[in-house]
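# Geometric and topological summary
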Amino acid sequence: MFVDDSDTGLVIAGLRRYNLFTAAFFLGRQRSLHAEFVRTVGAGPGQRALDIGCGPGKLVRALGTAVGERGAAVGVDPSEIAIADNRRRDLAPNHRYERGPAQDLPFADAEFDVVTCTFVMHHIPAAARSAALGEMWRVLRPGGTLLLADASPGPVMRRVLRPLLGGDPFAEVDIRRYTDGVKATGFTGLEYRQSRYQTGILTAAKPASV
């Protein structure tokens, strides 16, 4: 499903297995989760939205619907397989897919109104995560919104898995681990929410006065 690139991080190598895994983990409710991401980040008509680590592009398409024909939804991913597949399947005129890692985004400064990065941070090499947050800051316009998210099952599933796995298997992907890094980058107004879809969501704003 993934290959490990020491410089880039984990990169999708097989979309079919990835899609099957995510469908099973989210119990077929990914569309509802993506709709929640779109609402939470505040994507709206005419805006430019970026999804970092877009994988199969499902969130890009949800963002594209929200921003409409006058807006733009862009997906970026280090996986050549994912980008090629999205470009072949998704022909919407306001959607675009580019290849690149989170820590070296191929976009101009302040190009986007909203930036999302979901289920990706733990795939980025630890030494490059600060650089990735810096790139999110760079490409986001002043006054724009950042959304980070990762898996966060409820207490029942955690209690079931803890004795089987000898600890909490989701502690390492808790998106709240990046709170200090997000603040240090310059973002303000951080808010965390627990989604009903086994996901933790962290949002922050780039100050309008920057």
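See the structure printed just above.
Residues numbered from 1 in each chain as written. Predicted model: local features only at pLDDT ≥ 70, side-chain atom pairs only at ≥ 80, totals over all residues. Heavy atoms only, no water.

### Quick look at the pairing of strand β3 (residues 48–52)
- Judged by how many residues are buried, β3 sits mostly within the fold: four of five residues are covered.
- Pairing geometry for β3 and strand β4 (residues 72–77), over five bridges, is parallel. What sits directly across from D51, in β4, is G75.
- A crossover links β3 with its parallel partner β4, the connecting element being helix α3 (residues 58–67), and its sense is right-handed. (Buried < 20%, exposed > 50% of the residue type's maximum accessible area, 1.4 Å probe, protein only. Helix = DSSP H or I, 4+ residues; strand = E, 2+ residues; numbered from the N terminus. Pairing = 2+ DSSP bridges. Right-handed = clockwise from strand over helix to strand, strands pointing away.)

### Section: the packing of aromatic side chains
- A full pass over the atoms with the stated rule returns three aromatic pairs.
- Seen from their ring centres, F107 and F112 are 5.2 Å apart, and the 90° between their planes marks the pair as edge-to-face. Each member of the pair, F107 as well as F112, carries the same accessibility label: buried.
- Look at W137 and F187: their rings are 5.1 Å apart centre to centre, the planes differ by 85°, and that puts the pair in the edge-to-face class. With W137 in helix α5 (residues 129–139) and F187 in the loop between α7 (179–185) and β8 (188–195), the pair connects residues that are 50 residues apart, well separated along the chain.
- Lying over the aromatic face of Y192, R176 brings its terminal NZ or CZ to 4.3 Å of the ring centre. (Phe/Tyr/Trp six-rings, centres within 6.5 Å; stacked < 30°, edge-to-face > 60°. Lys NZ or Arg CZ within 6 Å of the ring centre and 35° of its normal.)

### Quick notes on helix α2 (residues 30–41)
- Taking 1.5 Å per residue, twelve residues should reach 16 Å; α2 reaches 16 Å between its end C-alpha atoms and fits that length.
- Restricting attention to buried positions, one finds in α2 the residues Q30, L33, H34, E36, F37, V38 and V41.
- Of the residues one or two after α2, G42 is the one with positive phi, at around 80°. (Expected span 1.5 Å × (residues − 1).)

### Some thoughts on the environment of A72
- By the element assignment, A72 lies in strand β4.
- Residues A72 and A49, 23 residues apart in the sequence, show an inter-C-alpha distance of 6.2 Å.
- In this structure A72 touches Q47, R48, A49, V67 and N94, once residues within four positions along its chain are discounted. (Contact = heavy atoms within 4.5 Å.)

### Concerning the pattern of salt bridges
- Inspection of the entire model under this criterion finds 14 salt bridges.
- Measuring nitrogen to oxygen at the nearest pair gives 2.7 Å for the salt bridge that ties R88 to D85. Here R88 and its partner D85 are both found in helix α4 (residues 80–89), three residues apart, which amounts to about one turn of the helix.
- Between R96 and E98 there is a salt bridge, and its shortest N-O distance comes to 3.0 Å. (Salt bridge = Lys/Arg side-chain N within 4 Å of Asp/Glu carboxyl O.)

### Let's talk about the pairing of β8
- Two strands pair when backbone bridges link them, and β8 and strand β9 (residues 199–205) are joined in this way by six bridges, in the antiparallel orientation. When the bridges of β9 are listed, T188 appears paired with A205.
- The antiparallel pairing of β8 with β9 creates a hairpin that spans three residues between the two strands, and Q198 there sits at a positive phi of about 55°.

### Comments concerning unusual backbone geometry
- Positioned with a positive phi, A110 is a non-glycine residue whose angle comes to about 55°.
- Relative to the helices and strands, A110 is located in the loop between β5 (95–99) and β6 (112–118).
- One non-glycine residue with positive phi stands out, namely Q198, at about 55°.
- Its location among the elements puts Q198 in the loop between β8 and β9.

### A closer look at the packing of α2 against α3
- The N-to-C vectors of α2 and α3 enclose an angle of 50°; their axes lie 9 Å apart at closest approach. Judged by the inter-axis angle, α2 sits oblique to α3. The way α2 lies across α3 gives a crossing that is right-handed. Facing Q30, H34, F37, V38 and V41 of α2, the residues of α3 in contact are K58, L59, A62, L63 and A66.
- Of the residues that constitute the contact of α2 with α3, the class distribution is seven nonpolar, two polar and one charged. (Axes fitted to C-alpha atoms, helices over the stretch in contact; angles between N-to-C directions. Parallel < 35°, antiparallel > 145°, perpendicular 65-115°, else oblique. Left-handed = near helix turned anticlockwise from the far one by under 90°. Nonpolar A, V, L, I, M, F, W, Y, C, P; charged D, E, K, R; others polar.)

### Some words on the nonpolar core
- Judged by nonpolar contacts, the single largest core of 28 residues is most densely connected at L50, I52, V115, M136 and L148.
- Those elements that provide at least two residues to this core are β3, β4, β6, α5, β7 (140–151) and β9.
- For this core, the element with the highest residue contribution is α5, accounting for five residues.
- When neighbours within four sequence positions are excluded, L50 is seen to be in contact with V74, V76, L105, F107, F112, V114, V115, T116 and V139.
- If you look at the next biggest cluster of nonpolar residues, it comprises 20 residues, including L33, C54, I83 and F119. (Core = buried A, V, L, I, M, F, W, Y, C linked by side-chain atoms within 4.5 Å.)

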